[in-house]
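In case you want the letters, here they are:
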Amino acid sequence: MTALWVIALILLVLILLMLLPVGLQVHYDDAGATVKAQIGWIRFSVFPKPPKQNQQKKRKKKKPPQPDPQAPEKKPPTRGIRDFQPFIRLAVDFLGALRQKVVVRSLTLHIWYGGKDAAEAAIHYGQAWAVIGAVMPLLDASVRIQARDVQAIYLEEANTLSLLFQAVLRLRLGQCLALAMKYGLRALAVAVEWKRRKEKTA
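In this text the structure is predicted, and so the values were computed from the model without any measurement. Along each chain, residues carry numbers from 1 onward, in the same order as the chain's sequence is written. The predicted nature of this model means local features are confined to residues of pLDDT at least 70 and side-chain atom pairs, given and counted, to a pLDDT of 80 or more, with totals for whole chains, interfaces and linings taken over all residues. Excluding hydrogens and water, the side-chain values take into account all heavy atoms of the structure.

A.B. asks: Describe the overall build of the chain, listing the residues and the values that go with them.
C.D. replies: In this text, helices come from DSSP runs of H or I with a minimum length of four residues, and strands from runs of E with a minimum of two, each type numbered from the N-terminal end. The secondary structure content of the chain amounts to five helices and seven strands. Start at the N end of the chain and walk to the C end: the helices and strands fall as α-β-β-β-α-α-β-α-β-β-β-α. Under the scheme applied here, a residue whose accessible area is under 20% of the maximum for its type counts as buried, over 50% as exposed, and between as partly exposed, the area being computed with a 1.4 Å probe on protein chains only. When burial is assessed residue by residue, the chain has 22% of its 202 residues classed as buried. We call two residues in contact when some of their heavy atoms are within 4.5 Å. Of the contacts formed within the chain by residues at least 6 apart in sequence, a portion of 75% connects residues at least 24 apart.

Next comes the structure, spelled out in structure tokens:
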């Protein structure tokens, strides 16, 4: 009888853990992506992971390489929305799997556009709203959105489209584990393929 009580207690604890509410905050802009999670009262960063102390010490010891004055300056590659299409498709598929399982408490989608003149700004304005018009119906069909802030914003110094996406989600721990296993492997495959393409075009 004691063993049965122990097994029942373990099952009860597991069930309660699976029912714990989980919050997820996803943020993406030109600086990169960040993902923060909250399980019950515990908050932590999912991506990017904070560097370990040992790695920080090793980085401090390394001296930066001296720049060659004769070498031409290398400009950092610009990243557009098209470069992240595989990740956008994966994100839409992921949100589709969350239908009826997750509630989006708030969603922010801002697209900044600009141009050298009025004609180019008008073209970028149309492109910005084309992106919004393509993404928002998919999101509306995939999840329940309680509050939203969707805008195309003119920025004079912007030469291309820039994106800000932020979403706050709520679901259960058991659902998180099942979805993380499925889409985590898909995200890894997409990231490897994306890196290979970048190395070929570099």
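The discussion continues.
A.B. asks: Could you give me a rundown of the pairing of strand β7 (residues 162-172), with the residues and numbers involved?
C.D. replies: Within β7, eight of the 11 residues are buried, which leaves it mostly tucked inside the rest of the structure. Note: strand β4 (residues 103-113) against β7, nine bridges, orientation antiparallel. Residue pairing across strands places Trp-112 opposite Ser-162, the latter belonging to β7. We call two strands paired when DSSP finds no fewer than two bridges between them.

A.B. asks: Tell me about a nonpolar patch on the surface, and please be specific about residues and values.
C.D. replies: The grouping of Leu-4, Val-6, Ile-7, Ile-10, Leu-11, Leu-14 and Ile-15 at the surface amounts to a nonpolar patch, some 650 Å² of accessible area in total. With respect to the helices, strands and loops of the structure, Leu-14 is situated in helix α1 (residues 2-18). In this structure Leu-14 comes out as partly exposed when scored by relative accessible area, which is 43%. What makes a patch is a set of residues exposed beyond 30% relative accessible area and free of salt bridges, joined within 9 Å when like-charged and within 5 Å when nonpolar (Val, Leu, Ile, Met, Phe, Trp, Tyr). Per-residue and other accessible areas were derived by the Shrake-Rupley procedure at a 1.4 Å probe size, with only the shown protein chains allowed to occlude residues. Put simply, a salt bridge is a Lys or Arg side-chain nitrogen that is within 4 Å of an Asp or Glu carboxyl oxygen.

A.B. asks: Please give an account of the nonpolar core that cites residues and values.
C.D. replies: Leu-107, Leu-109, Ile-111, Met-136 and Ile-145 are the most contacted members of the largest nonpolar core, which has 25 residues in total. Excluding its chain neighbours within four sequence positions, the residues that come into contact with Met-136 are Leu-107, Leu-109, Ile-145, Arg-148 and Val-150. Think of a nonpolar core as a cluster: buried Ala, Val, Leu, Ile, Met, Phe, Trp, Tyr and Cys residues, connected wherever their side-chain atoms sit within 4.5 Å.

A.B. asks: Could you give an account of the side chain of His-110, naming the residues involved and the relevant values?
C.D. replies: Among the secondary structure elements, His-110 is positioned in strand β4. For His-110, a relative accessible area of 12% translates into the label buried. N or O atoms closer than or at 3.5 Å make up a polar contact, with two conditions inside protein: a donor-capable atom paired with an acceptor-capable one, and, for residues adjacent in sequence, both atoms drawn from side chains. Reaching out from His-110, the side chain makes a polar contact with the side chain of Asp-149 at a distance of 3.0 Å. Setting aside its immediate chain neighbours within four residues, His-110 contacts Asp-149, Gln-151, Ile-153, Ser-162, Leu-163 and Leu-164.

A.B. asks: A description of the packing of aromatic side chains should follow, citing residues and the corresponding values.
C.D. replies: Any two of the Phe, Tyr and Trp rings considered here, Trp counted by its six-membered ring, make a pair once their centres fall within 6.5 Å; the pair's planes then place it as stacked at under 30 degrees, edge-to-face at over 60, or tilted in between. Scanning the model with the defined rule gives two aromatic pairs in all. A ring pair is formed by Tyr-113 and Tyr-125, whose centres lie 5.4 Å apart and whose planes are at 65°; its orientation type is edge-to-face. Within this pair, whereas Tyr-113 is found in strand β4, its partner Tyr-125 is found in helix α4 (residues 118-142), the two being separated by 12 residues in sequence. With 5.6 Å between their ring centres and 65° between their planes, Tyr-113 and Tyr-154 make a pair best called edge-to-face.

A.B. asks: Can you break down α4 residue by residue, with the values?
C.D. replies: Taking 1.5 Å of rise per residue, 25 residues should cover 36 Å, and α4 covers 36 Å from first to last C-alpha, within 8% of that figure. Of all the positions in α4, only Ala-121, His-124, Ala-128, Ile-132, Met-136, Leu-139 and Ser-142 are classed as buried. N-cap assignment for α4: the residue whose side-chain oxygen lies 3.3 Å from the backbone N of Ala-119 is Asp-117. In this analysis, the expected span of each helix is defined as 1.5 Å times one less than the number of residues it contains.

A.B. asks: Before we move on, can you summarise the environment of Asp-140 with the specific residues and values?
C.D. replies: Residue position: Asp-140 is located in helix α4. In terms of polar contacts, Asp-140 uses its side chain to reach the side chain of Arg-148, at 2.8 Å.

A.B. asks: Describe the environment of Gly-114, with residues and values.
C.D. replies: Looking at the element boundaries, Gly-114 is found in the loop between β4 and α4. Classification of Gly-114 by relative accessible area gives buried; the value is 0%. The spacing of Gly-114 and Ala-158 is 44 residues in sequence and 4.6 Å in space, taken between C-alpha atoms. The contact partners of Gly-114, leaving out residues within four places of it in the chain, are Glu-120, Ala-121, His-124, Tyr-154, Leu-155 and Ala-158.

A.B. asks: Describe the environment of Phe-94, and please don't skip the residues or the numbers.
C.D. replies: Here Phe-94 lies in helix α3 (residues 85-97). Considering only alpha carbons, one finds Phe-94 and Tyr-183, 89 residues apart in sequence, at a separation of 6.9 Å. Setting aside its immediate chain neighbours within four residues, Phe-94 contacts Leu-179 and Tyr-183.

A.B. asks: Tell me about the confidence of the model for the chain, and please be specific about residues and values.
C.D. replies: In this model, the chain carries a mean pLDDT of 77, and residues with pLDDT of at least 70 account for 77%. Of all helices and strands in the chain, the one with the weakest mean pLDDT is helix α2 (residues 53-61) (56), whereas strand β6 (residues 148-154) scores best (93). Scored between 0 and 100, pLDDT is the confidence that the predictor attaches to each residue.

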